[in-house]
Amino acid sequence: MADSMREMLQSDMHCEGLLECFHDLKRIDKEVFRLLNDRPDGLTVDEIAEGVDRERSTAYRSVQRLLSAGFIQKEQKNYEQGGYHHVYHPRDAEKIAQEMQRTLNDWYAKMGNLIGEFSEKYGDEPAAVAES
């Protein structure tokens, strides 16, 4: 894990890298997210599949990951003659950014506590080992 964190910190990261970093999303998910941001009226899964040149099932799985991560929202559109379909839109970028900031702050606090525990647990031990 440390190597991957070190590599991530040293790499050139783009803002879409946050999708991977915070939510373990895939390259296709970034493509779908970008596509939806380019189409403010929203898209169906079939339109998304066509837009990213993938099978419908692949697009659907990506949409589900993005929904679960909270990056997009689903809207139901009703037909006048009955029935409906779903259209997907990106959520407000500022709200997503605030949620990611809270997640980062929580993670930072947890890592700080773990580092403190490490220091307390192992800080005195090398001296005790040297004395024996």
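Structure shown above.
About the criteria used
- Residues numbered from 1 in each chain as written.
- Predicted model: local features only at pLDDT ≥ 70, side-chain atom pairs only at ≥ 80, totals over all residues.
- Heavy atoms only, no water.
- Helix = DSSP H or I, 4+ residues; strand = E, 2+ residues; numbered from the N terminus.
- Buried < 20%, exposed > 50% of the residue type's maximum accessible area, 1.4 Å probe, protein only.
- Expected span 1.5 Å × (residues − 1).
- Arc of directions from axis to C-beta.
- Core = buried A, V, L, I, M, F, W, Y, C linked by side-chain atoms within 4.5 Å.
- Contact = heavy atoms within 4.5 Å.
- Axes fitted to C-alpha atoms, helices over the stretch in contact; angles between N-to-C directions.
- Parallel < 35°, antiparallel > 145°, perpendicular 65-115°, else oblique.
- Nonpolar A, V, L, I, M, F, W, Y, C, P; charged D, E, K, R; others polar.
- Left-handed = near helix turned anticlockwise from the far one by under 90°.
- Salt bridge = Lys/Arg side-chain N within 4 Å of Asp/Glu carboxyl O.

(A) Quick look at unusual backbone geometry. Even without being a glycine, Asp 53 presents a positive backbone phi close to 55°. Here Asp 53 is to be found in the loop between α4 (45-52) and α5 (56-69). Since its relative accessible area comes to 69%, Asp 53 is described here as exposed.

(B) Here's a closer look at α5. With 14 residues, α5 ought to run about 20 Å at 1.5 Å a step, and its terminal C-alpha atoms sit 20 Å apart, in line with that. By the burial criterion, the buried members of α5 are Thr 58, Ala 59, Ser 62, Val 63, Leu 66 and Ala 69. The buried residues of α5 occupy an angular sector of 135° when the element is viewed end-on, so they sit on one face. The first or second residue beyond α5 is Gly 70, which carries a positive phi of 85°.

(C) View of the nonpolar core. Membership of the largest hydrophobic core comes to 20 residues, with the highest contact counts inside it found for Val 32, Leu 36, Ile 48, Leu 66, Phe 71, Ile 72 and Tyr 88. Sorting the residues of this core by element identifies α3 (27-38), α4, α5 and α6 (93-122) as the ones contributing at least two each. Once you skip the residues sitting within four places of it in the chain, Tyr 88 turns out to touch Leu 36, Gly 42, Leu 43, Val 45, Ile 48, Val 63, Gln 64, Leu 67, Ile 72, Gln 73 and Lys 74.

(D) Structural context of the packing of α4 against α5. Contact pair α4 / α5: the axes reach a minimum separation of 8 Å and the direction vectors enclose 110°. Relative to α5, the element α4 is oriented roughly perpendicular. Along the contact surface, α4 presents Val 45, Asp 46, Ile 48 and Ala 49, while α5 presents Arg 56, Ala 59, Tyr 60 and Val 63. Across the contact of α4 with α5, the residue classes break down as six nonpolar, no polar and two charged.

(E) Focus on the packing of α3 against α4. Two numbers describe how α3 lies on α4: the axes approach to 10 Å, and their chain directions differ by 110°. Overall, the two elements α3 and α4 adopt an arrangement that is roughly perpendicular. Judged by the twist between their axes, the crossing of α3 over α4 is right-handed. Mapping the contact onto sequence places Ile 28, Glu 31, Val 32, Leu 35 and Leu 36 in α3 and Glu 47, Ile 48, Gly 51 and Val 52 in α4.

(F) Structural view of the pattern of salt bridges. Using the criterion set out here, one finds five salt bridges in the structure. Across the salt bridge formed by Lys 77 and Glu 75, the nearest N and O atoms sit 3.6 Å from each other. Residue class for Lys 77 comes out partly exposed when judged on its relative accessible area of 32%. Taking the relative accessible area as the measure of exposure, Glu 75 reaches 31% and is therefore partly exposed. Across the pair Arg 91 and Glu 99 runs a salt bridge, and its minimum N-O distance is 2.9 Å.

(G) Region of the structure containing the environment of Arg 34. Within the fold, Arg 34 resides in helix α3. Residue class for Arg 34 comes out partly exposed when judged on its relative accessible area of 37%. Residues Arg 34 and Val 52 lie 18 residues apart in sequence; the distance between their C-alpha atoms is 9.9 Å.

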